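Chain by chain, the residues:
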Amino acid sequence: GPLLLIGLLLGWSYLVREFIMFVWPLVLVLLWGRLREDRPLWRGLLWPALPIVALVGAETLLCWAVYDDPLARVRAVTGHGEGLPSAVTATFHDKPRYEYAMRLWATLNGNEFTYYPEHWVLRPLLVAAVAGALIRPRRLGVFVLWIALMWVPLTLLGGVLDPSAPKLRIQLIRYWFPVFPALVIGGLA
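These figures come from a predicted structure and were not determined experimentally. (Residues numbered from 1 in each chain as written. Predicted model: local features only at pLDDT ≥ 70, side-chain atom pairs only at ≥ 80, totals over all residues. Heavy atoms only, no water.)

As for a nonpolar patch on the surface
A cluster of nonpolar residues, Leu5, Leu8, Leu9, Trp12 and Val16, forms a patch on the protein surface that exposes about 520 Å² of accessible area. Inspection of the secondary structure puts valine 16 in helix α1 (residues 2-16). Residue classification places valine 16 among the exposed residues on the basis of a relative accessible area of 56%. (Patch = residues over 30% accessible without salt bridge, like charges linked within 9 Å, V, L, I, M, F, W, Y side chains within 5 Å. Areas by Shrake-Rupley, 256 points an atom, 1.4 Å probe, with all protein chains shown as cover. Salt bridge = Lys/Arg side-chain N within 4 Å of Asp/Glu carboxyl O. Helix = DSSP H or I, 4+ residues; strand = E, 2+ residues; numbered from the N terminus. Buried < 20%, exposed > 50% of the residue type's maximum accessible area, 1.4 Å probe, protein only.)

Now the structure itself:
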């Protein structure tokens, strides 16, 4: 019942924004007590996994039918940041590593090309969420875990590992959308 629904929502979240998979371990943390009740852990994980596998399989078949390539999404995801004009690549290639590490902070503020009217509230919410987790880790730690599960892999792929060839353009705010619920809920809590 509920575990199948959770699996369906996780599979759907992948179809909407593939980088949300980095946050999936948070669901395991939140469900840990329920999964370990009176049956082996693998049986508890089987129910959410079934709809995920079904949705990924359906998407693979759709990519095969539409693009003649069952791995079209995988190729699109792994090819981020390639084949772009030099004016675009100059905005995210060969930057100092600390600049990639601070991309979330900088992106929440906008830049000279993009202005977000909400920027005055996004940064304080991030600070409040992190401060709240430091002060009350048992109550608010889940929100910082959520932020960290997105920030660490995106930052590493976005240029910290290889500044000459980042895999993602993390200066674009769309990469950070999965963090927004944690920012708002954690920041307000």
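Details of the environment of alanine 189
Relative to the helices and strands, alanine 189 is located in the segment after α10 (180-188). Between the alpha carbons of alanine 189 and alanine 133 there is a distance of 9.8 Å; along the sequence they are 56 residues apart.

Remarks on the packing of helix α8 (residues 119-135) against helix α9 (residues 137-160)
Here α8 crosses α9 at 135°, and the two axes come no closer than 7 Å. The angle between the axes of α8 and α9 places the two elements in the oblique class. Relative to α9, α8 is oriented so that their crossing is left-handed. Here Leu126, Ala129, Val130, Gly132, Ala133, Leu134 and Ile135 of α8 lie close against α9, whose contacting residues are Pro137, Leu140, Gly141, Val144 and Ile147. (Axes fitted to C-alpha atoms, helices over the stretch in contact; angles between N-to-C directions. Parallel < 35°, antiparallel > 145°, perpendicular 65-115°, else oblique. Left-handed = near helix turned anticlockwise from the far one by under 90°. Contact = heavy atoms within 4.5 Å.)

With respect to the pattern of salt bridges
One side chain can pair with another of opposite charge once the charged atoms of both are near each other. The full count for this structure, using the stated rule, is 3 salt bridges. Note that arginine 73 is salt-bridged to glutamate 59, the shortest N-O span being 2.2 Å. Linking arginine 73 in helix α4 (residues 72-78) with glutamate 59 in helix α3 (residues 41-67), this pair joins segments that are 14 residues apart in sequence. When sorted by exposure, arginine 73 lands in the same class as glutamate 59, which is buried. One salt bridge in this structure joins aspartate 69 and arginine 75, with 2.7 Å as the shortest N-O distance.

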